[in-house]
Amino acid sequence: MRFAALCPAVPTAIGALMLLGCASTPMPAIPDDPNAALELGAGLLPDHPQQARYVLESIDASAFDRAQRERLDFHVTQALAGSGDLWDAYQRARDFAANSRFSEYQPRLQELHYRIGVALLDRDRGYFIFGSDQEDGRIVLSDFVERYPTDPNTASALQRLGEEDFEAGRWDEARRRYERIIEDHPDSEWIPLAHFRRPMAQFNALVGPEYDLPSMRRARAELRDYLLVRKPERPDFREPAEVALRTVERWIAMRYEIDADYYRTLGNRPGEAHWLRVLLAEFPDHERATALQERLAAAEATGTPVATPPGEVRS
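Just so it is clear, the structure is predicted and the values come from calculations on it, not from any experiment.

Let's hear about the overall build of the protein chain: which residues, and what values?
A count of helices and strands for the protein chain gives 14 helices and 0 strands. Here the protein chain holds 315 residues, and 49% of them are scored as buried. Residue pairs at least 24 apart in sequence account for 61% of intrachain contacts in the protein chain once pairs closer than 6 positions are excluded. When the accessible surface of the protein chain is totalled, it reaches about 16,200 Å², and 51% of it is carbon and sulfur.

This is the structure:
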């Protein structure tokens, strides 16, 4: 979604800023009457946000009552957004919300807050030189989901943040975003994606068979649950999950054998036998099941029983 959605009928920020960069935009004469100036600024907003900003920011609001001050404040926020100053618009929207919690503009302010965050994430880096836009967008949308947890746009904000985290390899953060969608927004359109991304984030966080057995088991359980319970029909969801499940199962089997090898090098044949039994119990159809059974029998024949089996995680 692009910037045009920030305000009703407001043109894209990119177009407005390119216009400002190519030619001088004439500014209108400002009426002496603050109410007339407010009406002029509001009227300019849809098509001329920079001119609207010029008019609105010149108004002395001291003569306004509370309702008119709130209207002016909201329109200035729109004008900032419409003229491309997204971060300033966010800060003003945030302060407005904090100071005028019961304003009639609050629903529209929340919508604007969300659109600002989306626009910052989407802003064309090929034109804009500000390298912090993406991080600013993450800040704005993160504030939005915490400030307005029940807003209709919150699930979409979590999805945008989750995708940003997923693409950047921030697996734990991505997982938390999608868990919130599942737990707090069960009727959201993003539920199918959230159920797919959650176990895939858990899987992608894995390093390999030599590390963190509990995390591998958790990933296997979540992938199995996703495939068996959710029964995804979309091939672009189902097939990567199936590949991930096969991969993590192979890693777990490898980890059990690594642990069996480790205890064998220590001369601890009961420890070796323990991990071979675990491997064969969980993977009876292992491609080397016969050889592993023979190895287990040899370990059991030469081993001395121990009171406590070896621990399941070796650092």
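That was the structure; now back to the text.
How would you sum up unusual backbone geometry? Please name residues and give values.
Positive phi outside glycine occurs at Asp-212, with the angle close to 55°. Note that Asp-212 resides in the loop between helix 10 (191-204) and helix 11 (213-230). Classification of Asp-212 as partly exposed rests on a relative accessible area of 42%. Phi angles above zero are rare outside glycine, and Lys-231 is one such case at about 50°.

Kindly report on the packing of aromatic side chains, identifying the contributing residues and their values.
Two numbers describe a pair of aromatic rings. These are the distance of the centres and the angle of the planes. Evaluation of the coordinates by the stated rule reveals 11 aromatic pairs. Both rings, one in Phe-196 and one in Tyr-226, keep their centres 6.1 Å apart while their planes meet at 45°; by these two values the pair is tilted. Here Tyr-226 lies in helix 11 and Phe-196 lies in helix 10, a separation of 30 residues in the sequence. The same class applies to Phe-196 as to Tyr-226, namely buried. Here the aromatic rings of Tyr-262 and Tyr-263 are separated by 5.3 Å at their centres, their planes lie at 75°, and the arrangement is edge-to-face.

So what's going on with the side chain of His-75? Residues and values would help.
Mapping His-75 onto the fold places it in helix 4 (residues 66-82). Filtering out sequence-adjacent residues up to four positions away, His-75 remains in contact with Leu-38, Ala-42, Leu-45 and Leu-56.

Account for the environment of Tyr-114, naming residues and giving values.
For Tyr-114, the position within the fold is in helix 6 (residues 106-122). Given a relative accessible area of 6%, Tyr-114 falls into the buried group. Taking the C-alpha atoms as reference, Tyr-114 lies 7.7 Å from Val-140; in sequence the two are 26 residues apart. With residues up to four places along the chain from it excluded, the contact list for Tyr-114 reads Leu-141, Phe-144, Asn-153, Ser-156 and Ala-157.

Before we move on, can you summarise the nonpolar core with the specific residues and values?
Counting 79 residues, the largest nonpolar core has Leu-56, Ile-116, Leu-223, Val-248 and Tyr-256 as the members making the most contacts within it. In this structure Leu-56 touches Leu-38, Gly-41, Ala-42, Leu-72, His-75, Val-76 and Ala-79, once residues within four positions along its chain are discounted.

Now, about the pattern of salt bridges: what can you tell me, with residues and values included?
Under the definition given, this model contains 34 salt bridges. The partner of Glu-179 in a salt bridge is Arg-175, and the shortest N-O contact between them spans 3.2 Å. Taken together, the residues span about one helical turn, with Glu-179 and Arg-175 both in helix 9 (residues 171-184) at a distance of 4 residues. Residue classification places Arg-175 among the buried residues on the basis of a relative accessible area of 13%. A salt bridge links Glu-222 to Arg-175, with the shortest nitrogen-to-oxygen separation between them at 2.4 Å.

How would you sum up the side chain of Glu-272? Please name residues and give values.
With respect to the secondary-structure elements, Glu-272 resides in helix 13 (residues 269-282). Owing to a relative accessible area of 0%, Glu-272 belongs among the buried residues under this scheme. Once residues within four sequence positions are removed from consideration, Glu-272 is found in contact with Ala-260, Tyr-263, Arg-264, Arg-295 and Ala-299.

Describe helix 12 (residues 235-265), and please don't skip the residues or the numbers.
With 31 residues, helix 12 extends 45 Å from end C-alpha to end C-alpha; this agrees with the ideal 45 Å at 1.5 Å per step. Following helix 12 by one or two positions, Gly-267 adopts a phi angle in the positive range, close to 80°.

So, how was this worked out
All chains use their own residue numbering, which begins from 1 and follows the written sequence. Given that this is a predicted model, residues contribute local features only at a pLDDT of at least 70 and side-chain atom pairs are listed and counted only at 80 or more, while totals for whole chains, interfaces and linings are drawn from all residues. Excluding hydrogens and water, the side-chain values take into account all heavy atoms of the structure. Only DSSP runs of H or I with at least four residues qualify as helices, and only runs of E with at least two residues qualify as strands; both kinds are numbered from the N terminus onward. Only protein chains enter the accessibility calculation, which uses a 1.4 Å probe; a residue is then buried when its area is under 20% of its type maximum, exposed when over 50%, and partly exposed in between. Any two residues whose heavy atoms approach within 4.5 Å are treated as being in contact. To measure how exposed things are, a 1.4 Å probe is used in the Shrake-Rupley method; for residues, cover is taken only from the protein chains shown. Under the pairing criterion, centres of Phe, Tyr and Trp rings, with the six-membered ring standing for Trp, must be within 6.5 Å; the plane angle then separates stacked pairs below 30 degrees from edge-to-face pairs above 60, leaving the rest tilted. Take the buried Ala, Val, Leu, Ile, Met, Phe, Trp, Tyr and Cys residues and link them wherever side-chain atoms come within 4.5 Å; each set so joined is a nonpolar core. We define a salt bridge as a contact between a side-chain nitrogen of Lys or Arg and a carboxyl oxygen of Asp or Glu at a distance within 4 Å. Given a helix with a known number of residues, its expected span is that number minus one, times 1.5 Å.

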